[in-house]
Amino acid sequence: MGFYSKFKWKWLLAVAVCSLSLSTLFSLPATAEDGGALYDTFYDIGQGNRYFERQCSRCHGFDAKGNDETGAPDLTGRLRRASTEVGIFNIIREGVPGTAMLPVDADLPDAKVWQLVAYIGSLRYDPSTVELDGNADAGVALFRGKGDCDSCHMVRGQGGRLGPDLSRVGENATPDELMTSMTNPHDDVDPRWWTLRITGRDGEPRTGFRMSEDSFSVRIMDNDSNLWSYPKNEVQSMDRIEQSTMPSYDQTMSESELDDLVAFLFSLRREEN
Ligand code: HEC
Ligand code: HEC
């Protein structure tokens, strides 16, 4: 889950900003503002999905795409009555007066409602509802070919371990964020991917991911997957590099190639079973 925390942060920020401006309008209780950020993991989305299938799908449909007969709208695109997580929370809690959209059971804990919000939020980035310029098939070819992305990234068990597993990167990242990951990788690097440059007794500096560290020793793995272990008392210098080891593709890929890669990355999500 740590791999996704970068996106989660932006999401948190967005939620914080939205709820700030909203709370002045509706003066919501503080808990309502925090909840969306707390219940936003894959687990929560899954729980929300299950609850939705039981309680909401008879009107909104199993795919949440709405149903003309019941008049329940499609929830996978832009919503008519809410544009923020707090707004969706309130609709579920309070219903839409005068319509078939009734409030949920008053005993239902807030956490459950937030899981529904997380599930509905996850639908908005369903690849089938988002229009992208690129072509995902061309993107795969670039990923495995020219971009050599798979030397560092694993997708569905194939590829390297020098970067995060991207098998489900499309679930938590917007197309814009995926683009930024490629053109400006040093923006906002998760500490998991920081590197250490260490010079030991042999005087040769080496750089690698920190694999383990205790009071007596530190171990790093370099780009060729070699492990180097340094007793602490032999370390001459140690610097932490908070930048990404991923190269920027701003110059080496054309705009349309980057679009193709975004289309491919955005399509990466949990496999249907
Ligand atoms: C009995 C049918 C019915 C059930 C069950 C139902 N809904 Fe609805 N829902 C509606 C209708 C009808 C509307 C449209 C109300 C309106 O705006 O006129 C609606 C609207 C909504 C909206 C606002 C959509 C928008 O575009 O703003 C959300 C969000 C929503 N429902 C979520 C849920 C969730 C989550 C559940 C399950 C807990 C649920 N609904 C259960 C009928 C239903
Ligand atoms: C030398 C290894 C390396 C190569 C080659 C590489 N990456 Fe990365 N990539 C990383 C590392 C390390 C990170 C995590 C640090 C960061 O956010 O930049 C990362 C992060 C990412 C992320 C953000 C994932 C997340 O969950 O935060 C995406 C998307 C991505 N890379 C796509 C690509 C694509 C597409 C290519 C090929 C065009 C590529 N990478 C090539 C090492 C690499």
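Residues numbered from 1 in each chain as written. Chains lettered and ligands numbered in written order. Predicted model: local features only at pLDDT ≥ 70, side-chain atom pairs only at ≥ 80, totals over all residues. Heavy atoms only, no water.

Draft legend 1. Inspection of the pairing of strand β4 (residues 205-213) at higher detail. Here strand β3 (residues 195-199) pairs with β4 via 5 bridges, running antiparallel. Across the sheet, Thr195 pairs through a bridge with Phe209, a residue of β4. What sits between the antiparallel neighbours β3 and β4 is a turn of 5 residues, in which Gly203 has the positive phi angle 75°. Of the pairings in the sheet, the one linking β4 to strand β5 (residues 217-221) comprises 4 bridges and is antiparallel in character. (Pairing = 2+ DSSP bridges. Helix = DSSP H or I, 4+ residues; strand = E, 2+ residues; numbered from the N terminus.)

Draft legend 2. Layout of the sheet that holds strand β7 (residues 237-241). As summarised here, the arrangement of the 5 strands in space is β6-β5-β4-β3-β7, forming an open sheet in which the pairing is antiparallel. Each edge of the open sheet is held by one strand with a lone partner, namely β6 (227-231) and β7. The sheet shows a mean angle of 40° between the axes of neighbouring strands, direction not considered. (Axes fitted to C-alpha atoms, helices over the stretch in contact; angles between N-to-C directions.)

Draft legend 3. The arrangement of the coordination of the iron atom of ligand 2 in detail. Taken together, His153 (NE2) and Met246 (SD) make up the full set of protein donors to the iron atom of ligand 2, lying 2.0 to 2.1 Å away. One can describe the site at the iron atom of ligand 2 as octahedral: its 6 donor atoms subtend angles covering 88 to 178° at the metal. One end of the pair, His153, is in the loop between α7 (136-144) and β1 (154-155); the other, Met246, is in the loop between β7 and α10 (255-266), and 93 residues separate them in sequence. Residue class for Met246 comes out partly exposed when judged on its relative accessible area of 22%. (Donors = N, O, S within 2.8 Å, 3.2 Å for Na, K, Ca; no water. Tetrahedral: all angles 85-135°; square planar, octahedral: opposite > 155°, others 65-115°. Buried < 20%, exposed > 50% of the residue type's maximum accessible area, 1.4 Å probe, protein only.)

Draft legend 4. Region of interest: the coordination of the iron atom of ligand 1. At 2.1 Å from the iron atom of ligand 1 lie its protein donor atoms, namely His60 (NE2) and Met101 (SD). Each of the 6 donor atoms bound to the iron atom of ligand 1 contributes to angles spanning 87 to 179°, and the resulting shape is octahedral. Of the two residues, His60 sits in helix α4 (residues 57-60) while Met101 sits in the loop between α5 (85-94) and α6 (110-124), which places them 41 residues apart along the sequence.

Draft legend 5. Representation of the site of ligand 2. Taken together, 25 residues lie near ligand 2, and Cys149, Cys152, His153, Ser244 and Met246 sit nearest. The contact in question runs from an oxygen atom of ligand 2 to an N or O atom on the backbone of Pro185, over 3.3 Å. Ser244 places a side-chain nitrogen or oxygen 2.7 Å from an oxygen atom of ligand 2. Looking at the shell around ligand 2, the element that brings in the most residues is helix α9 (residues 175-183), giving 3 residues. In terms of residue class, the shell around ligand 2 is built from 17 nonpolar, 6 polar and 2 charged. Structurally, the shell around ligand 2 is a two-domain feature, drawing no fewer than three residues from each of domain 1 (2-124) and domain 2 (136-188 + 247-266). (Near = heavy atom within 4 Å. Polar contact = N/O pair within 3.5 Å; in protein donor to acceptor, adjacent residues only side chain to side chain. Nonpolar A, V, L, I, M, F, W, Y, C, P; charged D, E, K, R; others polar. Domains from an automatic or database assignment.)

Draft legend 6. Representation of the pattern of salt bridges. Following the criterion strictly, the structure yields 9 salt bridges and no others. The shortest N-O distance in the salt bridge between Glu234 and Arg201 comes to 3.6 Å. Here the residue Glu234 occupies a position in the loop between β6 and β7, and Arg201 occupies one in the loop between β3 and β4, the gap between them amounting to 33 residues. We classify Arg201 as exposed; its relative accessible area is 64%. When the shortest N-O distance is used, the salt bridge between Glu242 and Arg240 registers 2.9 Å. Looking at Glu242, the relative accessible area reads 41%, which means it is partly exposed. Overall, Arg240 belongs to the exposed group, its relative accessible area being 54%. One salt-bridge network, held together by shared partners, links Arg210, Glu213 and Lys232. (Salt bridge = Lys/Arg side-chain N within 4 Å of Asp/Glu carboxyl O.)

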